[in-house]
Structures are given as C-alpha cells and as structure tokens.
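Next come the chains, spelled out residue by residue.
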Amino acid sequence: MVNVQERTDKLTSLTAVTGGTALVSSLLAQGIDTIFALPGVQLDGAFDALYDAVNAGHMRVFHPRHEQTAAYMADGYARVTGRLGTCLVVPGPGLLNASAALSTAYACNSPVLCVTGQIQSDLIGVGRGQLHEIPNQLEMIRSVTKFSGRAVEPSAIPALVNEAVSNLWSGRVRPVEIEIPPDTLFASDDVLLLPGVSRPERSAGDPDLIEQAATLLGSARNPLIFAGGGVVNADATTELLELAELLQAPVMMTPNGKGAISHRHYLAQNTVSVRELIPDADVILVVGTRFLEASTQPWGPRGNRTVIQMDIDPEEIGRNTLVLLGIEADARAGLSALIDRVAGYNISRASREHQLKELRTAADARIDAIQPQSGYAHAIRAELPDDGIFVGEMTQVAYWSGIGFPVYQPRTYFTPGYQGTLGWGYPTSLGVKVGAPDKVVVSVNGDGGFGFALNELATQAHHNIASITLVFNDSAFGNVKRIQNVQFNGRTIASDLRNPDYVKLAEAFGISGRRATNPVTLRAQLAESMRSNEPTLIEIPVEAMPDPWKVLSIR
Ligand SMILES: Cc1ncc(C[n+]2csc(CCOP(=O)(O)OP(=O)(O)O)c2C)c(N)n1
Ligand SMILES: [Mg+2]
C-alpha cells in the first residue's frame, strides 16, 4: 500500500508555472537530460521552458532538420543507453513525419517517449482545419505506440508524463506518445510535480513453469537456445551465457540479439550453423525473440521438438510456433530463475567446444565467401574496436552483416528489426553517438537509404556529432534492382539513382568527406577517421552485389 505521508513528502509544489514548465520539469523528474526536438508555433511554450532548463545546465536539446530524425535520434539514444529516448515534435505533419521512426522503435521494443503538440484545446475534434490539425491524432499514433494520452491542464501534465513512462517500462517496452495543446503549454497554474517513475520489478515467471523448464532443459541431451533482442534489451546477457554454459547449449542470435554472447565464444552460433544443430536438438529454449524466421523457413525445427518460449509479452508466446511450455517473464529475471533451478536436474554433458568450433568455422567460411560484402564488412570489423557500434541500414553490406558480422558486446549492433525501415540508419546513428560519445559509431548505408536523411549532415555539423557514415554507392536501389533483374527478366524500373558527389556534398555541409574504393582503402580511411574523431562521411563506389540469403539458402 502507498504510504500517503511518505509520498507527499516527495512531491514538489510549483507555484504559478506554465504548462511548458510543468512539462519540462516532469521530463527532468524522469531523469531525462537530452531531448531531440524540432520547434513550431504550438510548441513555443515548451521550447521557452526548455530555454531555462538548457541554461541551467539540466537539459541538452538537439534540433534536427526533419521530425523523422528527432524520433530516430531518440531511438538510437535509447538503444545504446538503455534509457528513455525523448523527442518533441509539432502535431499533425510533425508527428506523421516522426511516425516511421516510431514504427521502427515499436518493432524493436525501444524505450522512446514522443511528446507532441495539438491544436487549441477547445477546437480539438471540431474539424475547422486549424494549423497542423489532423483528425484523431491520439488514435492515429496508437498503432505504433503502446500508450498515447493528452493533458489539457498544466496541473495534469506530471500525471500524464508518469502514466506514459510507466506504461512504457511495464511489460514489453515500446514507445509511447503524449500531446499537449498550445493553450495548456502557455496557461499558468500551481502544479504538483511527481517523483519520476521507477522501473517496475522484473517478472521472473511462474515458479512452477520455471521448474518444468529446468527439468526439460536439465535433462536434455542436446539443448539449443534461440536468443533475440529481448535478451539484449533486458540486459540479460550475463545470465544467458551462464545458462548456455551450464547446459553446453549453443546459442543462435537473431540480428537484434547479436552481441548477447560474444562471437568469440564457441557457443555463439549463426543462421547458417544453427541449421546443422536443429536436427539433433531435443529441447529448444526461445528467449526474447518472436522466433519468426526459424519457425517459417524450411530449415526451422519441425515435428516432435520440445520448444520452451520465454517472453515478457504473453501475446508473443506460441504466436509463430507450437510451444510446449510458455513462460511470461523478463529475460533477465527469468533466465536467472532458470539458472537457479536447472542445476538440480542437469545431466553431465561433455564440452561441445570442439564440435561447435568446427561447425562455426565451416559456416563462417560459407558466409565469408559472399563477396564483396564480406570483404567490406570484415574491413569495418577490423578497424572497429570491440565496443564500437555498427548501425545497419537496408543495404547489401548490412544484410550480409546480419548473418556474418562478428559482434562482441551487447548494444553494439543495431537494426531496424522487422520494420525494415529504409532511411533509418544514418539519422539513428546520430542519436547513438549522442548517447555514446566515447564510442566509435559507424553507420552502414546505401545511396538510396542515405538519401532519406542526408539533410542531417547539417545537424551533424551543427552539433558536432563525430560519428562515421559509410555510403555504399551503386547508383541504385540495389536490392530492388537485383530483384527486377533476376526475377523480372531485367525489366528494371524506378531503381536507378543519380547521385551527387558525396565527398563534395559532405564538405559543403562542413563534414569531412572521404572516398574508399575497396576493402583495403576502406580500412585505411576508417582508421584515419577514427584518429581525427570528427563528423565524417566515407563514400564507397560499388557494383551490384549478390543476394546473401539466396547464396546461403536462408530464404
Ligand atoms: C521505408 C522504406 N521504403 C522502401 C523500402 C524498400 N526498399 C528496401 S531496400 C531498397 C533499396 C535500398 O537501396 P540502397 O539504400 O541504395 O541500398 P542497396 O540495396 O543499393 O545496397 C528499397 C527501396 C523499405 N525497405 N523501406
Ligand atoms: Mg544502392
């Protein structure tokens, strides 16, 4: 039960403050000290309050050139830090501009708080066509957020912020949205500020189900684990490794799960090697992944395999595959509970180190034979420190990387997940670098995807964000063009691109521009870029590349 006296002690009373101040104070109370924001008339009250917070040294404001970037940067910041990533955008077109980024954060379970404006409160729903008015804004954005809400009184803002943030952290983490009309941001009132929301206790799952899972896994001859982004997001990587070692269970990591276990560990397996392991696997533990690819492709587990699925979202359990045991649990708490219980049932197994190393070597050889993607990706890996961060766009070298790029640490490899959002990579990488200024951040883009946000070279220069942007330039929406060539007899349409000189383009924005023409020169250019530690773009002119999934018969 809440101790009212104790709670009241923690409340701060603000006298005669604007809604804008109530909003900014509420964000600060959540521990938010960085915001990605693009102004407009309905948000003037919020920006004026941000002015004070910035001058007091409590808040940093990064302003991009398009709302998609405000939300992408918030997502990148959130993924690398594990903290709330916050954006502030005007209503209507501003929020719609941000929505592709929110859909990406939604797909990847990223903790993004999107704050937006509204039209004047008494005209909402009247349909007069006020500036930026769209009907049903709250309902519209709900498809890509797990909560959306509005406050129309300054005094209601702290509770709305708390409700949104507490929704965001509870259960499956996903983006949330709140909106505040301009008259509310300008109105003045006494406001009771609430303490920030603390992260809810992690659910370890039903003890009976954990016990059953421990029995099944402990007595399995050849257990196998599939780990996804949920393991990384829940910071459950230590627990995952401990359980995997206890069981001598190889771990297949999905692209967003990459880095959960270091690629250097013999238990770390990939999409190619895992296919050899599935036929002998008697018990499969699926944790923090939708298990979509494995359950829908012909090489996935079939027949009388025992599948145990652990997920924080009960809706996800059994959605894509038949499971014997479903455990609704946070990956960290759930795996930790499993570790505690499994020891009592664990049969002795010989180390699988030798076998698994051989298997991975053979699989890696097949993956590495795919050129030129493998050559370029290994050039990046060779220069990128172990804790350096790879942000992958929808482009050939990044597709290959989803299968073959060695990742050594969690939160160092990011993808747009199932949303496959072309154009997300470069703007997201800017937010990643803001969140991890001491790490090397490299985004891997095609010419097509980079074009979606190349105006942000201005933002990067303005805020001096020292990330490195690679642009693989094949003068095409290459993936589309390849499909048109291979599957449609060369009937290419709308897939050729005419591009600027990227080195000159970067320089025109005040960004250091470089060019590399093969993996060897790319390594040299990357090494120099890291030494100079300034905003950098490297263009790599390339030819059409082969389809890695076809070559490896993955899809
Ligand atoms: C928002 C969005 N629009 C369109 C697509 C479809 N699409 C996927 S890949 C691609 C071409 C990418 O071209 P580029 O960035 O140059 O990469 P390349 O394949 O040439 O390496 C397109 C248009 C998408 N995934 N997302
Ligand atoms: Mg291209």
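On a predicted model such as this, the values are computed, not experimentally measured, just so you know.

Participant: Mind laying out the overall build of the protein chain, listing which residues take part and the relevant values?
Facilitator: Per the secondary structure count, the protein chain includes 24 helices and 20 strands. Against the 2.2 N^0.38 benchmark of 24 Å for 555 residues, the protein chain shows a C-alpha radius of gyration of 24 Å, consistent with a compact globule. For the protein chain, the C-alpha atoms occupy an extent of roughly 70 × 65 × 45 Å along the three principal directions. Buried positions account for 57% of the 555 residues belonging to the protein chain. When contacts within the protein chain are restricted to residue pairs at least 6 apart in sequence, long-range pairs at least 24 apart make up 77% of them.

Participant: Go over the coordination of the magnesium ion (ligand 2), please, and point to the residues and values.
Facilitator: Surrounding the magnesium ion (ligand 2) are the protein donor atoms Asp447 (OD), Asp474 (OD) and Ala476 (O), which sit 2.0 to 2.2 Å from the metal. Read in sequence order, the donor residues coordinating the magnesium ion (ligand 2) give the pattern D-x26-D-x1-A. On the criterion of sequence distance, the pair formed by aspartate 447 in helix H19 (residues 447-450) and aspartate 474 in the loop between strand S18 (468-473) and helix H21 (478-487) is long-range, its members being 27 residues apart. According to the relative accessible area criterion, aspartate 447 is buried, its value standing at 4%. With relative accessibility at 21%, the residue aspartate 474 sits in the partly exposed group.

Participant: Now, about the side chain of serine 110: what can you tell me, with residues and values included?
Facilitator: Along the chain, serine 110 falls in the loop between helix H5 (93-107) and strand S5 (112-117). Of the residues examined, serine 110 reaches a relative accessible area of 1% and is grouped as buried. Apart from the residues within four sequence positions on either side, serine 110 is in contact with Asp75, Ala78, Arg79, Ala105, Val173, Arg174 and Pro175.

Participant: Tell me what's going on with the sheet that holds strand S13 (residues 306-311), and back it up with residues and numbers.
Facilitator: Pairing is parallel across the open sheet formed by 6 strands, whose spatial order is S11-S10-S9-S12-S13-S14. Looking along the sheet, the strands with just one partner apiece sit at the ends: strand S11 (268-269) and strand S14 (325-328). The pairing of strand S9 (residues 223-227) with strand S12 (residues 283-287) spans 5 bridges and is parallel. Across the sheet, the residue bridging to isoleucine 225 is leucine 285, located in S12. In the packing of helix H9 (residues 207-218) onto the sheet, contacts are made with S9, S12, S13 and S14, and the angle to S14 comes to roughly 130 degrees.

Participant: Please provide a residue-by-residue account of the site of ligand 1, values included.
Facilitator: Neighbouring ligand 1 are 16 residues, the closest being Thr395, Gln396, Asp447, Gly449 and Gly478. In the model, a nitrogen atom of ligand 1 is placed 3.1 Å from a nitrogen or oxygen of the leucine 422 main chain. The contact in question runs from an oxygen atom of ligand 1 to an N or O atom on the backbone of glycine 448, over 2.8 Å. For ligand 1, whose unbound accessible area comes to 590 Å², protein coverage reaches 75%. Elements represented by at least two residues in the shell around ligand 1 include exactly helix H17 (396-404), H19 and H21. Within the shell around ligand 1, the residues separate by chemical class into 6 nonpolar, 8 polar and 2 charged.

Participant: Can you tell me about unusual backbone geometry, naming the residues and giving the values?
Facilitator: Cis geometry is found at the peptide bond from glutamine 371 to proline 372, where omega equals 5 degrees. Position of proline 372 among the secondary structure elements: in the loop between helix H15 (353-368) and helix H16 (373-383). Located in the positive-phi region is arginine 411, a residue other than glycine, with phi close to 60 degrees. With respect to the element layout, arginine 411 can be found in the loop between H17 and strand S16 (413-414). Phi is positive for asparagine 533, close to 50 degrees, though the residue is something other than glycine. Structurally, asparagine 533 is set in the loop between helix H23 (519-532) and strand S20 (536-541).

Participant: Quick rundown of the pairing of S14? Include the residues and the values.
Facilitator: Across the two faces of S14 the burial differs, with Leu325 and Ile327 buried and Gly326 and Glu328 not buried at all. Strand direction decides the pairing type here: S13 and S14, joined by 4 bridges, are parallel. The partner of glutamine 309 across the bridge, within S14, is glycine 326.

Participant: Go over H15 with me, naming the residues and quoting the values.
Facilitator: Spanning 16 residues, H15 covers 22 Å between terminal C-alpha atoms, matching the ideal 22 Å at 1.5 Å per step. Every buried residue belonging to H15 is among Leu356, Leu359, Arg360, Ala363, Asp364 and Ile367, and all of these are buried. Across the axial projection of H15, the buried residues extend over an arc of 130 degrees, all falling on one side. Projecting away from the buried face of H15 at angles above 90 degrees are the exposed residues His354 and Thr361.

Participant: Break down the sheet that holds strand S15 (residues 389-392) for me, with residues and values.
Facilitator: The sheet built from 6 strands is open, its strands ordered S16-S15-S17-S18-S20-S19 with parallel pairing. Both edges of this open sheet fall to S16 and strand S19 (512-515), since each of them pairs with a single strand only. The sheet contact formed by S18 and S20 spans 6 bridges and is parallel. Among the inter-strand pairings, leucine 470 is bridged to a residue of S20, identified as isoleucine 538. Seen against the sheet, helix H18 (residues 425-435) touches S15, S16, strand S17 (441-446) and S18 and runs at an angle of roughly 175 degrees to S17.

Participant: Describe the packing of aromatic side chains, naming the residues involved and giving the relevant values.
Facilitator: Per the counting criterion, the structure on display carries 10 aromatic pairs. Note on tyrosine 376 and phenylalanine 472: the rings are 5.2 Å apart at their centroids and 75 degrees apart in plane angle, and the pair reads as edge-to-face. A residue pair is termed long-range when its members are at least 10 positions apart, and tyrosine 376 in helix H16 and phenylalanine 472 in strand S18 qualify at 96 residues. Neither tyrosine 376 nor phenylalanine 472 differs from the other in exposure class; each is buried. The rings of Phe36, Phe62 and Tyr77 are connected pair by pair, giving a single aromatic cluster. A cation over an aromatic ring shows up here: arginine 264 above the ring of tyrosine 408, its NZ or CZ 3.6 Å from the ring centre.

Participant: So, the environment of valine 80: which residues are in play, and what are the values?
Facilitator: Mapped onto the secondary structure, valine 80 falls in helix H4 (residues 67-81). Taking C-alpha positions, valine 80 is 27 Å from leucine 338, a pair spaced 258 residues apart along the chain. Leave out the neighbours within four places in its chain, and valine 80 touches Ile389, Arg411, Phe414, Val432, Gly435 and Ala436.

Participant: Report on the environment of arginine 491, specifying residues and quantitative values.
Facilitator: Examined against the element boundaries, arginine 491 turns out to sit in the loop between H21 and helix H22 (502-508). What makes arginine 491 exposed here is its relative accessible area of 64%. Here the alpha-carbon distance between arginine 491 and lysine 481, two residues 10 residues apart in the chain, equals 8.9 Å.

Thresholds, definitions, all that
Residues numbered from 1 in each chain as written. Chains lettered and ligands numbered in written order. Predicted model: local features only at pLDDT ≥ 70, side-chain atom pairs only at ≥ 80, totals over all residues. Heavy atoms only, no water. Helix = DSSP H or I, 4+ residues; strand = E, 2+ residues; numbered from the N terminus. Rg over C-alpha atoms; globule rule 2.2 N^0.38 Å. Buried < 20%, exposed > 50% of the residue type's maximum accessible area, 1.4 Å probe, protein only. Contact = heavy atoms within 4.5 Å. Donors = N, O, S within 2.8 Å, 3.2 Å for Na, K, Ca; no water. Pairing = 2+ DSSP bridges. Axes fitted to C-alpha atoms, helices over the stretch in contact; angles between N-to-C directions. Near = heavy atom within 4 Å. Polar contact = N/O pair within 3.5 Å; in protein donor to acceptor, adjacent residues only side chain to side chain. Areas by Shrake-Rupley, 256 points an atom, 1.4 Å probe, with all protein chains shown as cover. Nonpolar A, V, L, I, M, F, W, Y, C, P; charged D, E, K, R; others polar. Expected span 1.5 Å × (residues − 1). Arc of directions from axis to C-beta. Phe/Tyr/Trp six-rings, centres within 6.5 Å; stacked < 30°, edge-to-face > 60°. Lys NZ or Arg CZ within 6 Å of the ring centre and 35° of its normal.

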